[in-house]
Amino acid sequence: KRRDSVKELPPSFEGFPIVYETRPPAIGLAASTVLAATDNIGRTSPAVSGTAGGFLKEANSNVTYVLSCAHVLGSVGDVVTLPGGASGSSGLNVGDVVRSVLPPPNPPNTSCSSRSPGSVHNLDIAVAEIRHNIQPDPHVQGIGKPAFITPVLRMKQGDQVSLVGQKSGKVDAEIDS
């Protein structure tokens, strides 16, 4: 049937010969995956998963990063997967950890609450550079897209906050001590 349709096409245009070529149909595959701020991400070795916390974008280079806990994403160089490794799937590689800060463990028989001795430098945070074929989606299910950002130094007791966790869902809270 294709040959019949080619025979109906003109053999030239304004004196210039036209050569036709037929090829098999092309099949388009998705070039990117969307990574939402509340997706289950992690690593496969060891199998750990948790909630993607948010995104950072470098203004000069347009490189985008996903932010989560270091105990979820791992150490510098670890591969981040979607979904996280603990979900029973090897997942899609979405990024590579470029910065990781894991606090030292608390001494035995001590509390891990905000009132326990510690330092503001004891963070549990990791940042992974998102691969070029992954598109970040800052929309948070149940909350929407962030409307503003409050710098840490301006946060105070009593400020209302909302967060969404993979297991806990949407939580409305206020900043305490």
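As the structure is a prediction and not an experimental result, all values here were calculated from the model.

S.K.: Got a sec to walk through the pattern of salt bridges? Specific residues and values, please.
M.R.: Inspection of the entire model under this criterion finds 3 salt bridges. We note a salt bridge from Arg 131 to Asp 96, for which the minimum N-O separation is 2.9 Å. Separated by 35 residues along the polypeptide, Arg 131 in the loop between β10 (125–130) and β11 (134–137) and Asp 96 in strand β9 (residues 92–101) bring together distant segments of the chain. Residue classification places Arg 131 among the partly exposed positions, given a relative accessible area of 27%. Residue classification places Asp 96 among the partly exposed residues on the basis of a relative accessible area of 26%. Salt-bridge contacts for Asp 172 lead to Lys 170; the nearest nitrogen and oxygen are separated by 3.5 Å. Overall, Asp 172 belongs to the exposed group, its relative accessible area being 54%. We classify Lys 170 as partly exposed; its relative accessible area is 44%.

S.K.: Summarise the nonpolar core; cite the residues concerned and give the values.
M.R.: Buried together is how nonpolar side chains tend to be arranged in soluble globular proteins. Residues Leu 35, Ile 41, Val 66, Leu 73 and Val 80 are the most contacted members of the largest nonpolar core, which totals 15 residues. Contributions of two or more residues to this core are made by α2 (70–73), β8 (79–82), β9 and β10. Among residues more than four places away in sequence, those in contact with Leu 73 are Ile 41, Arg 43, Val 66, Ser 68, Asp 78, Val 80, Val 97, Ala 126 and Ala 128.

S.K.: So what's going on with a nonpolar patch on the surface? Which residues, and what values?
M.R.: On the surface, Leu 9, Phe 13, Ile 18 and Tyr 20 cluster together into a nonpolar patch covering about 360 Å² of accessible area. Here Leu 9 lies in the loop between α1 (2–7) and β1 (12–13).

S.K.: Lay out the pairing of strand β6 (residues 54–57) with the relevant residues and their values.
M.R.: Alignment of β6 against strand β7 (residues 64–68), held across 4 bridges, turns out to be antiparallel. From the neighbouring strand, Gly 54 faces β7, where its bridge partner is Leu 67. Between β6 and β7, which pair antiparallel one after the other, the connecting turn spans 6 residues, and Asn 62 there sits at a positive phi close to 60°.

S.K.: Tell me about the pairing of strand β4 (residues 40–44), and please be specific about residues and values.
M.R.: Burial runs high along β4: 4 of the 5 residues are buried. The pairing of β4 with strand β5 (residues 47–51) spans 5 bridges and is antiparallel. What sits directly across from Gly 42, in β5, is Ser 49. Linkage of β4 to β5, two consecutive antiparallel strands, is achieved through a turn of 2 residues.

S.K.: Break down unusual backbone geometry for me, citing the residues and quoting the values.
M.R.: The amide bond that connects Ser 45 to the next residue, Pro 46, takes the cis arrangement and shows omega of -5°. Tracing the sequence through the fold places Pro 46 in the loop between β4 and β5. Phi is positive for Glu 14, which is not a glycine, with a value near 50°. Inspection of the secondary structure assignment puts Glu 14 in the loop between β1 and β2 (16–17). For Glu 14, a relative accessible area of 67% puts it in the exposed group. Unusually for a residue other than glycine, Asn 62 sits at a positive phi of about 60°. Position of Asn 62 among the secondary structure elements: in the loop between β6 and β7. The class for Asn 62 is exposed, based on a relative accessible area of 52%.

What counts and how
Residues numbered from 1 in each chain as written. Predicted model: local features only at pLDDT ≥ 70, side-chain atom pairs only at ≥ 80, totals over all residues. Heavy atoms only, no water. Salt bridge = Lys/Arg side-chain N within 4 Å of Asp/Glu carboxyl O. Helix = DSSP H or I, 4+ residues; strand = E, 2+ residues; numbered from the N terminus. Buried < 20%, exposed > 50% of the residue type's maximum accessible area, 1.4 Å probe, protein only. Core = buried A, V, L, I, M, F, W, Y, C linked by side-chain atoms within 4.5 Å. Contact = heavy atoms within 4.5 Å. Patch = residues over 30% accessible without salt bridge, like charges linked within 9 Å, V, L, I, M, F, W, Y side chains within 5 Å. Areas by Shrake-Rupley, 256 points an atom, 1.4 Å probe, with all protein chains shown as cover. Pairing = 2+ DSSP bridges.

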